[in-house]
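Chain by chain, the residues run as shown.
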Amino acid sequence: MTTGAEPATSVSHGDGTVTVAGAWTYHWGARKRPHLHPVASPGGHVLTRDAPEDHPWHHGLWFTIKFVDGDNFWEEVPPYGVLRHQGAPTVEALDGGAVVVRGELRWTRPDRETVALVEQRTLTHVPLGPDAYAIDLDTSLVPPAACHLDRTPFTTWGGYGGLALRGAGDWVDTRLLLDDGSTHDRVLGEASTWCDLTGTPPGDGSGRVGLAVLDHPVNRRHPVPFYASTRAATYGEDGWSNFLNAAFLWHEGIDLDPGEELRVRHRVIVHDGEWDRDRLAAAWAVWAEGGR
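From a predicted model like this one, the values you see are computed outputs, not experimental measurements.

Peer 1: Explain the nonpolar core residue by residue, including any values.
Peer 2: Soluble globular proteins: nonpolar side chains tend toward being buried together. Residues Trp-24, Trp-107, Leu-149 and Leu-244 are the most contacted members of the largest nonpolar core, which totals 54 residues. Among the nonpolar cores identified, the runner-up in size contains 14 residues, and Leu-177, Ala-283, Trp-287 and Ala-288 belong to it.

Peer 1: Quick rundown of the sheet that holds strand β6 (residues 67-68)? Include the residues and the values.
Peer 2: The strand order across the open sheet built from 4 strands is β7-β6-β13-β22, with neighbouring strands paired in antiparallel fashion. Looking at strand neighbours, the two that pair on one side only are β7 (71-72) and β22 (254-256), the edges of this open sheet. As defined by bridge partners, strand β13 (residues 147-150) adjoins β22 across 3 bridges and the pair is classed as antiparallel. Bridge pairing in β22 places His-148 opposite Asp-255.

Peer 1: Summarise helix α1 (residues 277-288); cite the residues concerned and give the values.
Peer 2: With 12 residues, α1 extends 16 Å between its outermost C-alpha atoms, agreeing within 8% with the 16 Å of an ideal straight helix rising 1.5 Å per residue. All buried positions along α1 are accounted for by Leu-280, Ala-283, Trp-284, Trp-287 and Ala-288. Viewed along the axis of α1, the buried residues span an arc of 125°, placing them on a single side of the element. Elements in contact with the buried residues of α1: β12 (132-142), β15 (172-178), β18 (194-200), β19 (209-215) and β23 (262-272).

Peer 1: Talk me through the pattern of salt bridges; I want residue IDs and the actual numbers.
Peer 2: All told, the structure shown has 17 salt bridges when counted by the stated rule. Between Glu-92 and Arg-102 there is a salt bridge, with its nearest N and O atoms 3.3 Å apart. Remark: Arg-102 occurs in strand β10 (residues 99-108) and Glu-92 occurs in strand β9 (residues 90-93); sequence separation between them is 10 residues. With relative accessibility at 37%, the residue Glu-92 sits in the partly exposed group. Among the residues examined, Arg-102 registers a relative accessible area of 39% and is labelled partly exposed. Between Asp-138 and Arg-265 there is a salt bridge, with its nearest N and O atoms 3.7 Å apart. Of this pair, Asp-138 sits in strand β12 while Arg-265 sits in strand β23; the two residues are 127 residues apart in sequence, bridging distant segments of the chain. Residue Asp-138 is classed as partly exposed on the basis of its relative accessible area, which comes to 25%. Each of Arg-175, Asp-196, Arg-208 and Glu-274 takes part in salt bridges that share partners, so that together they form one network.

Peer 1: Could you give an account of the confidence of the model for the chain, with specific residues and numbers?
Peer 2: On average, residues of the chain carry a pLDDT of 95, and 96% of them reach 70 or more. Here residues 1-6 is modelled with pLDDT under 50, and outside its nearest four sequence neighbours on either side it reaches 15 contacts, counting other chains as well.

Parameters at a glance
Residues numbered from 1 in each chain as written. Predicted model: local features only at pLDDT ≥ 70, side-chain atom pairs only at ≥ 80, totals over all residues. Heavy atoms only, no water. Core = buried A, V, L, I, M, F, W, Y, C linked by side-chain atoms within 4.5 Å. Buried < 20%, exposed > 50% of the residue type's maximum accessible area, 1.4 Å probe, protein only. Pairing = 2+ DSSP bridges. Helix = DSSP H or I, 4+ residues; strand = E, 2+ residues; numbered from the N terminus. Expected span 1.5 Å × (residues − 1). Arc of directions from axis to C-beta. Contact = heavy atoms within 4.5 Å. Salt bridge = Lys/Arg side-chain N within 4 Å of Asp/Glu carboxyl O. pLDDT = per-residue confidence, 0-100.

This is the structure in C-alpha cells:
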C-alpha cells in the first residue's frame, strides 16, 4: 500500500469499508467490532495486524472497553458483546485535506438485544506533511441505564481497555518512548501525554517508522496510563507483539449515570522516521491547543 500517488482527500468505499488517502481502511461494517486495518505509514509500510493467532480479538487499531457491567466487549469468546454501526457512516472532505468519518454505534450485550452504550464516533484524517498524518478519534459513550465500565486488574496481564493497537509482527526492533524522554520495551500503567512506538518497518530492514498515540486534556484520566509492549511472553515466545493501549481504566473503573456522556479523544500520528521527544511534544501541544 502506498500513498504518494494519491491526493490526501481521496476516499474509496468497499463492502462495509471506507479507505482514506490510501493510508488506512475503516471496517465500519465488521460484525463484531469496527476497526482500522491496514494502517500504513506515509512511505507505504503496513503497521497493523488483524486477528493474530495469539489474540484473535486484536483488530489493527480499535476502540472498546473490557467490561460493561461484567459483560465482555474485548475478548471475542462467547458470551461477548458487539459494537455495530447503525448504517454507513457519513464521510466529509474538508479544506486542507482532512477527511471526517462519522457514525453512531450500538454496544449490544451478549444477548444481542440489550443496548449497553450508544456511541457517537468521529474519525478524522489530518495530513501533517510529507512524512506524517494523524487519525483523530473523538468519541462519546452514553448509557441508556446506569452502568459500570471496568477492566481486569493488572497482575501479570490486564488493565487494558480503550484505544488499542496491535502492530505488525515483522515491524522489528521497536521501542516505546514516553513524554519524559524515557524509552522502554514494556510500559505498565505509566501516565504520559503520549506514547510512541517506533521500529524498523516491515519488509524493509533500513530506516525507521512509528506510530504515536496522544491523549487529550479533556479526557477524564488525563494523562492516561499506557499499557504497551514491544515483546512479551503473553503474545507468544517469538516475534514482536507491538501492542499499545491508552488504558484509561488501568487503576479503576468508571460509573456512568443514565444519559451521562463519557467523551474520549486521542490523536494517532503515523510517521516515517524516528521522532524524538521534542518533536512529539510539539505535535501534542499543537493538537491539545486546538491546532493541527
